[in-house]
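# Fold and geometry: a report
One letter stands for each residue in the lines below.
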Amino acid sequence: MHQAALLGGMMRDAPRYGWEMAQPALHSWRKMAEAVQNHVKSLNWGHRVQLQDRKVKYFNFKASFVNKHTVCGVLKGGKEILLSAEHIVIATGGRPRYPTHIEGAVEYGITSDDLFWLKESPGKTLVVGASYVALECAGFLTGLGLDATIMIRSIPLRAFDQQMASLVTEHMAVHGTRILKGCMPLRVEKLPDGQLQVTWVDLASDRRDMGTFDTVLWATGRVPETRSLNLEKAGVHTDPHTQKILVDAQDATSVPHIYAIGDVAEGRPELTPTAVMAGRLLAKRLCGRSSDLMDYDNVPTTVFTPLEYGCVGLSEEAAVALHGEEGVEVYHAYYKPLEFTVPERDASQCYIKMVCLRNPPQLVLGLHFLGPNAGEVTQGFALALKCGASYEQVMRTVGIHPTCAEEVSKLRISKRSGLDPTVTGCG
Amino acid sequence: MGCAKSKEARAAVREAQGKSGPGGRAVAKDHLSSQTLPKNRAGSTSTTLADSRARLWAYIDSHPVVIFSKSTCKCCTEVKKLFKAISVPYFLVELDQAEDGRGLEGALSELTSETDVPVVFVKRRKLGGHGQTLKAYQEGRLQKLLKMNGTEELPETYDYDLIIIGGGSGGLAAAKEAASYNKKVMVLDFVTPTPLGTRWGLGGTCVNVGCIPKKLMHQAALLGQALRDSRNYGWNVEETVKHDWERMTEAVQNHIGSLNWGYRVALREKKVTYENAYGQFVGPHRIKATNNKGKEKIYSAERFLIATGERPRYLGIPGDKEYCISSDDLFSLPYCPGKTLVVGASYVALECAGFLAGIGLDVTVMVRSILLRGFDQDMANKIGEHMEEHGVKFIRQFVPIKVEQIEAGMPGRLRVVAKATDSDNTIEGEYNTVLLAIGRDACTRNIGLETVGVEINKKTGKIPVTDEEQTNVPYVYAIGDILEGKPELTPVAIQAGRLLAQRLYGGSTVKCDYENVPTTVFTPLEYGACGLSEEKAVEKFGEENIEIYHSYFWPLEWTIPSRDNNKCYAKIVCNVKDNERVVGFHILGPNAGEVTQGFAAALKCGLTKDQLDSTIGIHPVCAEVFTTLSVTKRSGGNILQAGCG
């Protein structure tokens, strides 16, 4: 759906590149949703086929523990099946959290689990939350031509680099997403015409305000799927606060032969590829084929907001906290992607920063890239960080011209110098 | 030429008085010379190689004749005798007696690749050793050299510290960098019009007739694909969207115009003198600048940098210059080229063919032998297949022998006669435009290099340089596409130019690293590469010592429009004997340039297969495929992709 929104932007660019478009194109949610859902279904199917091919038995039921070695599944008809195993892996993930304390939240609101499966356009939408899910959803809804508002209680993208996070939201605001900062919803009511009336409070002024929307989307966080597992029957401990399962470096829970991986495990990044790799490595260890542990350091990730944000390693704040202001050198640049020039797109938020140790050889601690194709750009640099890249080595890498990624190899202005970090020309 | 050491010590050398040596150090000094030496450029008192180099330069630059000698060497003595006999004063450096003799000796052999003494310099040019000097005298060349500009002494002060010939990416980068060290710098830039009369502004090939317009037109073609895709994503776009060549070209040219202007402003801000004039050497340290009105001016400089780049090659067949265009013309062509024949298999040929087809034109590529020579052939062939599937026609193993005009116009109609490379078969075809992209020639043959003795490769016209971009004439340097055996890429020229200026004026010793230079070919399916091709790796390490991991992949964005399944391809070449270090990286897919850059940095840091395996992918992007490569080419295993890992 992010891609659908990007295509919207490309269509606006196209006439500047010589394509003769009669009028601005309209978007059909129904058509897009059908195409996306068909693809997801084909993936579901693909996974089932793969499991079958590898002779993995697949049960479509909700499971819970009976004891340390036994789980119980309830089939559709209510019939129960008991299964026992030497090793058990919990990978139930998380589901979006509903703010149950807000009147009308569960009744009238939806979550990202519903959004992607909506058959009809959500219309004018209020997205509540500051997570990457919230920003991504509000971003592509705006890109598809919908009226989208995002309500953020405190700061966007907590735990991410805050300078980057504010550039991300700045870009969204410039491109039409309404952003209500420092606001908290109090109540959702359904009006006679079917619209939803949301009442919120501005936390700074304590003023109340109201707005009507077609859809209210909660993206205020995710809860791990641990409550219905009867973990206590197996003796698996969870964190009382997060309800996530406590694990050690081997991914083992408090019960040695029960493991937890992915979003359900405490302290792990909530990312698909980390779960995939953790699962693979765990399987290898269980089969005695390797003893490799999962390396959770320098996990790269990308937030697919309209202007994508890719990062790997430490945020500037984290680096300063670890090494002190004096121990850190930050190189940065505002750049303009070549493709933006012809359609005269605004590139005010296209920004890169590399956080390094200050002492030579200036080891790279973190890389933050805001711009098109940030995910593609970031992956290779994640490898470079893994190889212990220094600032010097990145600078000595010849750029690929003309790309956005080459700007990373030309970051010569340090924040400390106070010089203007705007890139001009090709040199 | 070698000269054995002699035990015979000759007292032809006196210790110089402290004041005359750079940095206050004593140097050997000849009795006939009384010139004082310039200050040590490196400005440091520690005896580093950089200091020695700087001192060596000072000697060579400040004296018409310099002899590097050893006091115990017979051959050296003979050479000294020769100069005394013809009453030519010389500056003598006795390497075994000078204080930093060993350092100087190292710098000298680095500069001249001579390992023995003597080494004689005349008018800043290396004459050679004992044998070469005597021979030059016998043949009269030495006398000629000495008489050259006989009446005019070499200027004591030059108009400029550095004159750069060619205002392209490399030249401008060097100019700006040198100027930042408060050096007086001039840039001479002049565009000789194409046979059709196309000309352009400051900035060189990349900005005007290369990377920039090429990538923008590639983007126009990608947007055409995006428009087709967008229907599958729910956008209501009319069935056929036409493309307007003139509108695109105008937009592209407007952007280029703003870049030309930006460069001029940047030069002015940095106080670099810019002349829109053609530079030609007329004597040592002297250059003639001719503007487009034919007005000539002579400038002198302490050093010169040749950064003239290359221009497209013509076929040398009837009708080629009259009727064909090159990439120099294409990007500003005032009319849509229509049905086009692209001649050549270079990346320029394939990129142009690709975007022309992408905006809806009928395109044929005529190829003599293989595609993308020098690139990984497995990848090159996959590019060709993809282009063919997307409507580009290929005529293989044919070369044009005649181009005739059937009808003039914009575009007109041309008849092309071509001959098979392996038989006498000929074919004929009719096209609106014939674009030649068969290669590029270095612009080194008409800039007076012979006047100052800069050597070029006679066949290719390219300039061989040391690893510090120095030509055989010590005060003349060269960077960019004209270098022999170096990658022809904008960022390489920029890097080389900047680093050269930093070495010359900033006391730096960092050399340009031409290894593992990443690059991307912007064909419809982009190809990014860094390091060795499969062929080169086999050649270098042996087939049994390399392991190739590969996989097809299907970008998520392409699944919805359900196109080009299993066309994108990722491949790494690893050296088995070196911990499966990645020596070659290849990707065929969207945004290949963006993907490749970071991996190039990783290759620079010694990336291994193990590190790839233990790095977490970014989901869902194309680049993550490299973190899950498990099938070796050797195994012949299935590499078609399905699902999220």
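Small disclaimer: the values here were computed from a predicted structure and weren't measured.

Rules and cut-offs
- Residues numbered from 1 in each chain as written.
- Chains lettered and ligands numbered in written order.
- Predicted model: local features only at pLDDT ≥ 70, side-chain atom pairs only at ≥ 80, totals over all residues.
- Heavy atoms only, no water.
- Helix = DSSP H or I, 4+ residues; strand = E, 2+ residues; numbered from the N terminus.
- Buried < 20%, exposed > 50% of the residue type's maximum accessible area, 1.4 Å probe, protein only.
- Contact = heavy atoms within 4.5 Å.
- Areas by Shrake-Rupley, 256 points an atom, 1.4 Å probe, with all protein chains shown as cover.
- Lys, Arg positive; Asp, Glu negative; His and termini not counted.
- Charge placed at Lys NZ, Arg CZ, Asp CG, Glu CD.
- Core = buried A, V, L, I, M, F, W, Y, C linked by side-chain atoms within 4.5 Å.
- UniProt positions renumbered as here; feature names shortened; annotations may be inferred.
- Pairing = 2+ DSSP bridges.
- Axes fitted to C-alpha atoms, helices over the stretch in contact; angles between N-to-C directions.
- Disulfide = S-S within 2.5 Å.
- Domains from an automatic or database assignment.
- Buried area = accessible area lost by both parts, 1.4 Å probe.
- Salt bridge = Lys/Arg side-chain N within 4 Å of Asp/Glu carboxyl O.
- Polar contact = N/O pair within 3.5 Å; in protein donor to acceptor, adjacent residues only side chain to side chain.
- Nonpolar A, V, L, I, M, F, W, Y, C, P; charged D, E, K, R; others polar.

The next point concerns the overall build of chain A. Per the secondary structure count, chain A includes 12 helices and 22 strands. With respect to the principal axes defined by its C-alpha atoms, chain A has extents near 70 × 65 × 50 Å. For chain A, the residues scored as buried account for 51% of the 427 residues in total. Long-range contacts, defined as pairs at least 24 residues apart, comprise 57% of the intrachain contacts of chain A with a sequence gap of at least 6. Accessible area of chain A: about 19,700 Å², with a carbon and sulfur share of 52%. Looking at chain A, you have 44 positive and 46 negative side-chain charges, and the mean spots of the two groups are 6 Å apart.

One recurring pattern in soluble globular proteins: nonpolar side chains tend to sit buried together. Residues and elements named next belong to chain B. With 244 residues, the main nonpolar core has Phe68 and Phe626 as its most contacted residues. Per-element accounting of this core gives the leading share, 9 residues, to helix α8 (residues 211-232). For Phe626, the residues in contact, after removing those within four places along its chain, are Ala570, Lys571, Ile572, Phe585, His586, Ile587, Val595, Phe599 and Leu612. Residues Ile395, Val416, Ala420 and Val434 belong to the second largest nonpolar core, which totals 16 residues.

In this section: the UniProt feature "domain: Pyridine nucleotide-disulphide oxidoreductase dimerisation" (unreviewed entry) in chain B. UniProt annotation of "domain: Pyridine nucleotide-disulphide oxidoreductase dimerisation" (unreviewed entry) refers to residues 517-628 of chain B when read in the numbering used here. Counting secondary structure, residues 517-628 of chain B comes out at 27% helix and 29% strand; the distance between its end C-alpha atoms is 24 Å.

Further remarks concern the sheet that holds strand β3 (residues 62-67) of chain A. All names here are of chain A. Pairing is antiparallel across the open sheet formed by 3 strands, whose spatial order is β3-β4-β5. Among the strands making up the open sheet, the edge pair consists of β3 and β5 (80-84). Mean inter-strand twist for the sheet, computed between neighbouring axes without regard to direction, equals 30 degrees.

With the rule as written, the count across this model stands at 0 disulfides over all chains. As a non-bridged cysteine, Cys211 of chain B has Cys206 of chain B as the owner of its nearest cysteine sulfur, 3.2 Å distant.

Residue and element names in this part refer to chain A. The assigned domain composition of chain A is domain 1 (1-58), domain 2 (61-90 + 226-296), domain 3 (105-222) and domain 4 (301-417). The distance between the C-alpha centroids of domain 1 and domain 3 comes to 23 Å. Taken together, the 12 residues of domain 1 in the interface contact 12 residues of domain 3. Looking only at domain 1, the three residues that lose the most surface to domain 3 are Met1, Trp29 and Gln37, adding up to 56% of its buried area. At the surface where domain 1 touches domain 3, the tally comes to 1 salt bridge. Residue Glu120 is joined to Arg30 by a salt bridge in which the shortest nitrogen-to-oxygen separation is 2.2 Å. Inspection of the region where domain 1 meets domain 3 yields 4 residue pairs in polar contact (both at pLDDT 80 or more). At the level of secondary structure, the elements contributing two or more residues to the side of domain 1 that touches domain 3 comprise α1 (2-13) and α2 (29-53). Per-element accounting of the side of domain 1 that touches domain 3 gives the leading share, 7 residues, to α2.

Here the UniProt feature "domain: FAD/NAD(P)-binding" (unreviewed entry) sits at residues 24-279 of chain A. Across residues 24-279 of chain A one finds 27% helix and 28% strand; the C-alpha atoms that close the span lie 46 Å apart.

Moving on, we get to the interface of chain A and chain B. At the junction of the two partners, chain A supplies 79 residues and chain B supplies 85 residues. Summed over both sides, the interface of chain A with chain B buries roughly 7,300 Å², with 67% coming from carbon and sulfur. It is Trp19, Glu376 and Val398 of chain A that lose the most area in chain A upon contact with chain B, and together they represent 11% of the buried surface on that side. Where chain A meets chain B, there are 2 salt bridges. At the boundary of chain A with chain B, the tally comes to 24 residue pairs in polar contact (both at pLDDT 80 or more). A per-element tally of the side of chain A that touches chain B places helix α11 (residues 374-386) of chain A first, with 11 residues. Tallied by class, the residues present in the side of chain A that touches chain B amount to 40 nonpolar, 27 polar and 12 charged. Bridge count between strand β2 (residues 26-27) of chain A and strand β9 (residues 235-236) of chain B: 2 bridges; the pairing is antiparallel.

Moving on: the pairing of β5 of chain A. A regular strand places its side chains so that they alternate between the two faces of the sheet. All names here are of chain A. Counting buried positions along β5 yields 0 of 5 residues, so the element is predominantly exposed. Alignment of strand β4 (residues 70-74) against β5, held across 5 bridges, turns out to be antiparallel. In the strand pairing of β5, Val74 is matched with Glu80. In textbook terms, the turn of a hairpin is the stretch between consecutive antiparallel strands, and for β4 and β5 this stretch comprises 5 residues, one of which, Gly78, has a positive phi near 95 degrees.

In this section: the pattern of salt bridges. Residues and elements named next belong to chain B. According to the stated counting rule, one finds 56 salt bridges over all chains in the structure shown. We note a salt bridge from Arg415 to Glu428, for which the minimum N-O separation is 3.5 Å. With Arg415 in strand β21 (residues 413-420) and Glu428 in strand β22 (residues 426-431), this residue pair connects regions lying 13 residues apart in the sequence. Residue classification places Arg415 among the partly exposed positions, given a relative accessible area of 31%. Classification of Glu428 by relative accessible area gives exposed; the value is 59%. Two residues, Asp467 and Lys511, come together in a salt bridge whose shortest N-O distance is 2.8 Å. Taken as a pair, Asp467 in the loop between α14 (449-452) and β25 (476-478) and Lys511 in the loop between α15 (490-506) and β26 (519-521) lie far apart in primary sequence, 44 residues in all. In this structure Asp467 comes out as partly exposed when scored by relative accessible area, which is 43%.

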